[in-house]
Amino acid sequence: IAAGNLIAAVLFTWILVGLIINNGVKSVTNVVFWTVGLPCVTLIVLIISGAALPGSLDGVRGYLGTWDMSKLADASAWSSATSQIFFSIGICFGIMTAYASYNGKRMSAVKDAIIVSSFNSFYSVMAGFAVYAVLGNLALTEGSSVESVMVAGPSLAFKTFPIALAQLPMGAKQFFCILFFGTLFFLGIDSSFSLCEAAATALHDSCALRHLDQRMIATIVSVFGFMCSLLYTADIGYYLLDVVDHYTNNLLVVAIGFLYCISATWLYRLDEVEEKIGPTGKHALGIHNAAWLCAIIVGNVVGFAVDPKFFYVGPILAVVIVLVGTLSAIVVAVKKKPSGSKDEERGAARPANPSSATTKERVVLVLLGPAEMLRNDLNRCILALYDANIHPWTIHIAWSIVVKYITPTVLSIVFSSTINDLAREGGYGGYSIGYQLFGAGVVFVGLLLVVIGVAVPDALDVWVDDVRESLFIITRRRTPGR
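Model, not experiment: these values are computed from the prediction. (Residues numbered from 1 in each chain as written. Predicted model: local features only at pLDDT ≥ 70, side-chain atom pairs only at ≥ 80, totals over all residues. Heavy atoms only, no water.)

**As for the overall build of the chain**
Summing up its helical and strand segments, the chain has 19 helices and 0 strands in all. Considering the chain as a whole, with its 482 residues, one finds that 36% of them fall into the buried category. A separation threshold of at least 6 residues defines the contact pool for the chain, and within that pool the share at least 24 residues apart is 79%. (Helix = DSSP H or I, 4+ residues; strand = E, 2+ residues; numbered from the N terminus. Buried < 20%, exposed > 50% of the residue type's maximum accessible area, 1.4 Å probe, protein only. Contact = heavy atoms within 4.5 Å.)

**With respect to helix α12 (residues 270-277)**
Leu 270, Val 273, Glu 274 and Ile 277 are the residues of α12 that are buried. Here the buried residues of α12 occupy an arc of 100 degrees about the axis, which is enough to place them on one side. Buried residues along α12 sit in contact with α13 (281-305), α14 (313-334) and α16 (359-383). (Arc of directions from axis to C-beta.)

**Some details on the packing of aromatic side chains**
Enumeration over the complete set of coordinates arrives at 12 aromatic pairs. Taken together, a centroid distance of 6.0 Å and an interplanar angle of 75 degrees make the contact between Tyr 238 and Tyr 239 edge-to-face. Overall, Tyr 238 belongs to the partly exposed group, its relative accessible area being 41%. Assessed through its relative accessible area of 38%, Tyr 239 is described here as partly exposed. Measuring from centroid to centroid gives 6.2 Å for Tyr 239 and Tyr 435, while their planes differ by 75 degrees, and the two rings are edge-to-face. With Tyr 239 in helix α11 (residues 237-265) and Tyr 435 in helix α18 (residues 433-455), this pair connects stretches of sequence that are 196 residues apart. You can call Tyr 435 buried: its relative accessible area is 18%. Taken together, the ring pairs in this structure connect Tyr 238, Tyr 239, Tyr 428, Tyr 431 and Tyr 435 into an aromatic cluster. (Phe/Tyr/Trp six-rings, centres within 6.5 Å; stacked < 30°, edge-to-face > 60°.)

**Some words on the pattern of salt bridges**
Tallied over the entire structure, the rule returns 8 salt bridges. Note that Asp 377 and Arg 269 form a salt bridge whose closest N and O atoms lie 2.3 Å from each other. One end of the pair, Asp 377, is in helix α16; the other, Arg 269, is in the loop between α11 and α12, with 108 residues separating them in the sequence. Assessed through its relative accessible area of 14%, Arg 269 is described here as buried. The closest approach of N and O atoms between Arg 380 and Asp 377, which form a salt bridge, is 2.9 Å. Of this pair, Arg 380 and Asp 377 are both found in helix α16, 3 residues apart, which corresponds to roughly one turn of the helix. (Salt bridge = Lys/Arg side-chain N within 4 Å of Asp/Glu carboxyl O.)

**Things to note about the nonpolar core**
Val 243, Tyr 247 and Tyr 428 are the most contacted members of the largest nonpolar core, which has 27 residues in total. At the level of secondary structure, the elements contributing two or more residues to this core comprise α11, α13, α14, α17 (397-425) and α18. It is α11 that contributes the most residues to this core, 10 residues altogether. Excluding anything up to four places from it in sequence, Tyr 247 contacts Leu 252, Leu 422, Tyr 428, Gln 436, Gly 439, Ala 440 and Val 443. (Core = buried A, V, L, I, M, F, W, Y, C linked by side-chain atoms within 4.5 Å.)

**Looking at the confidence of the model for the chain**
The pLDDT averaged across the chain works out to 81; a share of 88% of its residues lies at or above 70. Put simply, helix α15 (residues 342-345) is where the chain has its lowest mean pLDDT, 48, and helix α10 (residues 214-229) is where it has its highest, 90. Under a pLDDT of 50 for its full length, residues 347-353 has, in the predicted model, 3 contacts with residues more than four places off or in other chains. Low pLDDT, under 50, characterises residues 470-482; the predicted model gives this stretch 19 contacts beyond four residues in sequence or across chains. (pLDDT = per-residue confidence, 0-100.)

This is the structure in structure tokens:
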């Protein structure tokens, strides 16, 4: 049974969230200065105060002093890192897309993306010093090692830090407790209204709900969020939160990120890439894409099925499949259709616009075709907004390589690792089947919405108006003088 004071606290929180997103990005901007600025100040204070604690140096040594490179072969380490980065930046949650939609046309999205991701990682690394300084002090107090007191998640914030803060002098204790838990509250509010603003922006921009006032949409989103939060105010709320957090960050978000990469760099304007390659383009890209998909599946299945000592068998098989498939695709792409082929014998007409691409261009189209089409379209949109004598930040070709080959491979390993751990341990965290089904249900609903959008794209037309849909035409133009 939920406690009344807990429900009241949740209600108060959602009222604040509703008020913050009430006027859209205008009100959010004013609040962000506090919800982002205060944690930065708090981190500096915690690092300085933590460094003065006895045993803090032992904690820092435990943080950076010992390097175990074998951990890089541990898929669970990659899984934890991926879920942390995805959630902290807001990747695949719609947050960045919603906020970026309010930027001016000449705001450098490329520069902003680099700054945001770099500062996020820098902040996380610096936060590690504050955390491990406290853990070092706690280990010294308890007479144990740093490894034995290492915890993560809510236990770190609501158990380890309070123990360390309680050891401070009376005046400093009260100050740091207010500062620390006030910062946690601001961080929670910041995450909540960011997610809600992403949903509110998408709803307000849609054709179906464009007629509604911004305040009405903010109210609807806040009430819906409050209703969902009531589940977590019950006695089982913490367990539900833990399960949903694990399944969402390690399965649902990772799967959506994988599908993002596939759709953006494997399928984008695929028909035009095939046409540029020539008559054999469809077969060449089919072989290449099938080989990569097969390599991802076989590599992960074999890698997690064999004994951990022989985990390298899976990656080796994947590399072999990729090499054979890619070379075969290149051979098919550069091979010209001989005269007197079966198609001509059947009386089939020659293509009206046979490909004029060189051998080198065909190889590039096979390897990076859709990704380069998207990159060039995005860069064309960027350059179209500036004069010819201005050189804004554009997307480098390295983006195409990383997003097409490296990112989906890593995400597939993270996804497979999570599935393997769930199968080996009989679920997550030792929770009963009911909790596991609840977490899996969240993943199923999320992926179902994605599948509907892929299988029946017309079903999503209600969210896109004719004006914004027509803006895609700009990507098909060539900017004069470029």
